[in-house]
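If you want the building blocks of each chain, they are given just below.
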Amino acid sequence: MVVWKNTTDGVQDNGLTLNGFLFLNTLFIQRGRHETTWTILRRFGYDDALELTDDYLCPLIRVPHDCSTELNHFGYQFLQKIFEKHDKDLDGALSPAELQSCFRVFPYVPWGPELYHTVCTTDKGLLSLHGFLCQWTLVAYLDVHRCLEHLGYLGYPIFSEQDSQVHAITVTREKRTDLEKGQTHRNVFLCKVIGSRGAGKSSFMQAFLGKNLAAQKESLGRQTVYTINTVQVNGQEKYLILQEIDVELEFTKVSDASCDVACLLYDVTDYKSFNFCASIYKQHYMDGQIPCLFVATKSDLPQTSPQRSISPAEFCYKQRLPPPIYFTCNSHGAPNSTVYAKLATAATFPHLNDIDLGAASFWIRVALGATVAAVVGVTLYKAVAKNK
Ligand code: MG
């Protein structure tokens, strides 16, 4: 009766036509009775394989050159719900089994074991909500199409009642415009970590996740190209991505140098490693707009510098760069995170590159205050307009 009422050719000689049969199954699916359709499919010998169509998994998104992609508030809210849904033992972390259950709807495991060296973990080495969101932020920044596909598997459009997963993503405005206006709405920044072999790049990357040298030795494992964490920039939380650069392979084309801040890393015990950074700086960054910071690693060890050469501090002064930041991860507790905050601040306010960031912080607060006032103003206006 239902098929007959709703179709013109669904019923014939008191039986269902092909169209009627398809209509009936569509009805089951629409009313949430998926199990009925699956029962029919299995009865006819199909297995549980399910292929989602490309127009569902890969919705169109336009990312102009010089723009980046970030998860927005809706995206984070959805992912937090997913995390909580799969944290069955309510310990605030996803165990490997809980993570596996989260990915059960994926045709492949999206994140490899390098995950545990890319984001922060709990004391027990499990994936926390913070780490989980960091990893999603990284994927959204590096490969937005992949991110959309993954959100599709998790059913974002259905649960959020949106046309597509694009709803969870914000495409930022062009970096050029940010530079012109002297402010940015971005929340995710990329820092390239550059230095010669043995300068301490990998340790610097892992120290960003709060691991000191002793902890790093314990969790020796896979090399990762990226680490990601949040950093406070003038009271606001920003995501900072560190990318380790293998200079022998990269820096073959101009775009290899592009990022939001360059971290030129040298070993205080090896003057050659400083020379290397200085030459990379001169070759790729000196004439550009990308902020650069020199970081002196292994600062707990005695410094060497040949007598007749220019010292790193003198070099930075002459180039109008901030003085080198001393860093060591050979500490008792978590390594000092000041250097990462400085990198994130330089990335957020690139136009303040060649003046002292400390002295500039007053003006940054003034600018942020103005932004907050503007947002509050618009919200109030909308509320008033709605009530009219
Ligand atoms: Mg758990």
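The rules behind each value
Residues numbered from 1 in each chain as written. Predicted model: local features only at pLDDT ≥ 70, side-chain atom pairs only at ≥ 80, totals over all residues. Heavy atoms only, no water. Helix = DSSP H or I, 4+ residues; strand = E, 2+ residues; numbered from the N terminus. Buried < 20%, exposed > 50% of the residue type's maximum accessible area, 1.4 Å probe, protein only. Contact = heavy atoms within 4.5 Å. Areas by Shrake-Rupley, 256 points an atom, 1.4 Å probe, with all protein chains shown as cover. Core = buried A, V, L, I, M, F, W, Y, C linked by side-chain atoms within 4.5 Å. Domains from an automatic or database assignment. Donors = N, O, S within 2.8 Å, 3.2 Å for Na, K, Ca; no water. Pairing = 2+ DSSP bridges. Salt bridge = Lys/Arg side-chain N within 4 Å of Asp/Glu carboxyl O. Axes fitted to C-alpha atoms, helices over the stretch in contact; angles between N-to-C directions. Parallel < 35°, antiparallel > 145°, perpendicular 65-115°, else oblique. Nonpolar A, V, L, I, M, F, W, Y, C, P; charged D, E, K, R; others polar. Polar contact = N/O pair within 3.5 Å; in protein donor to acceptor, adjacent residues only side chain to side chain. Right-handed = clockwise from strand over helix to strand, strands pointing away. Disulfide = S-S within 2.5 Å.

When helices and strands are tallied, the protein chain shows 16 helices and 12 strands. Across the 388 residues that make up the protein chain, the buried fraction comes to 43%. In the protein chain, 68% of the contacts between residues at least 6 apart in sequence involve partners at least 24 apart. For the protein chain, the exposed surface amounts to about 22400 Å²; the carbon and sulfur share of it is 55%.

A separate point is the nonpolar core. In this structure, Phe 132, Tyr 285 and Phe 294 are the most contacted members of the largest nonpolar core, which totals 63 residues. Two domains share this core, each providing at least three of its residues, namely domain 2 (69-172) and domain 3 (186-355). Contact partners of Phe 294, with chain neighbours within four places excluded, come to Leu 264, Tyr 266, Phe 274, Cys 277, Ala 278, Tyr 281, Phe 315, Cys 316, Leu 321, Pro 323, Pro 324 and Ile 325. Counting 27 residues, the second-largest nonpolar core is a separate cluster that includes Val 193, Val 231, Ala 344 and Ala 346.

Our focus in this paragraph is the coordination of the magnesium ion. Coordination of the magnesium ion by the protein is provided by Asp 87 (OD), Asp 89 (OD), Asp 91 (OD), Ala 93 (O) and Glu 98 (OE), with metal-donor distances spanning 2.1 to 2.3 Å. In terms of primary sequence, the donors binding the magnesium ion are separated according to D-x1-D-x1-D-x1-A-x4-E. On the basis of relative accessible area, Glu 98 is assigned to the buried category, the value being 8%.

The next thing to look at is the sheet that holds strand β10 (residues 261-267). The strands making up a sheet associate through backbone hydrogen bonding, with each pair oriented either parallel or antiparallel. The strand order β8-β9-β7-β10-β11-β12 describes an open sheet built from six strands, whose pairing is mixed. Only two strands of the sheet have a single partner each, and these edge strands are β8 (226-233) and β12 (325-326). Sheet analysis places β10 next to strand β11 (residues 292-297), joined by six bridges and oriented parallel. Note on β11: the bridge partner recorded for Leu 265 is Val 295.

Scanning the entire structure with this criterion turns up eight salt bridges. Linking Arg 42 and Glu 35 is a salt bridge whose minimum nitrogen-to-oxygen distance equals 3.2 Å. Residues participating in the shared-partner salt-bridge network are Glu 35, Arg 42 and Asp 48.

A separate point is the packing of helix α7 (residues 129-142) against helix α8 (residues 144-153). Running from amino to carboxyl end, α7 crosses α8 at an angle of 130 degrees, the nearest separation of the two axes being 5 Å. The orientation of α7 relative to α8 falls into the category oblique. Between α7 and α8, the residues in contact are Trp 136, Val 139, Ala 140 and Leu 142 and Val 144, Arg 146, Cys 147, His 150 and Leu 151, respectively. Among the residues forming the contact of α7 with α8, the class breakdown is seven nonpolar, one polar and one charged.

Take the packing of helix α2 (residues 18-30) against helix α3 (residues 34-43) next. Relative to each other, α2 and α3 sit at 135 degrees, their axes nearing to 7 Å. Between α2 and α3, the angle is such that the two are oblique. Across the interface between the two elements, Phe 21, Asn 25, Phe 28 and Ile 29 from α2 touch His 34, Thr 36, Thr 37 and Ile 40 from α3.

Locating Lys 175 in the fold gives a position in helix α10 (residues 175-181). Excluding anything up to four places from it in sequence, Lys 175 contacts Asp 66, Arg 186, Cys 259 and Asp 260. A distance of 2.9 Å separates a polar atom in the side chain of Lys 175 from the backbone oxygen of Cys 259.

Here the focus is the pairing of β11. Burial analysis of β11 places six of its six residues in the buried class, the great majority of the element. Residues of β11 alternate between two faces, with Cys 292, Phe 294 and Ala 296 on one and Leu 293, Val 295 and Thr 297 on the opposite face, all of them buried. Since β10 and β11 lie parallel, the crossover through helix α13 (residues 271-285) that links them has a hand, and here it is right-handed. You can see the chain leave β11, run along helix α14 (residues 312-318) and come back into β12, and the turn it takes is right-handed.

We now examine unusual backbone geometry. In this structure, Asp 13 takes a positive phi of about 50 degrees despite not being glycine. The exposure class of Asp 13 is exposed, given its relative accessible area of 77%. At Glu 161, a position not held by glycine, the phi torsion is positive, near 50 degrees. Within the secondary structure, Glu 161 is located in the loop between α9 (156-160) and β6 (169-171). Using a relative accessible area of 71% as the deciding quantity, one classes Glu 161 as exposed.

Taken as a whole, this structure holds zero disulfides when the rule is applied. A disulfide-free cysteine, Cys 259 has its sulfur positioned 6.6 Å from the sulfur of Cys 191, the nearest such atom.

For a regular strand, side-chain orientation follows a simple rule: the groups alternate between the two sheet faces. Across the seven residues that make up β10, a large majority, seven, are buried. Of the two faces of β10, the one holding Val 261, Cys 263, Leu 265 and Asp 267 and the one holding Ala 262, Leu 264 and Tyr 266 are both buried throughout.

Nothing here speaks to function; it is all geometry.
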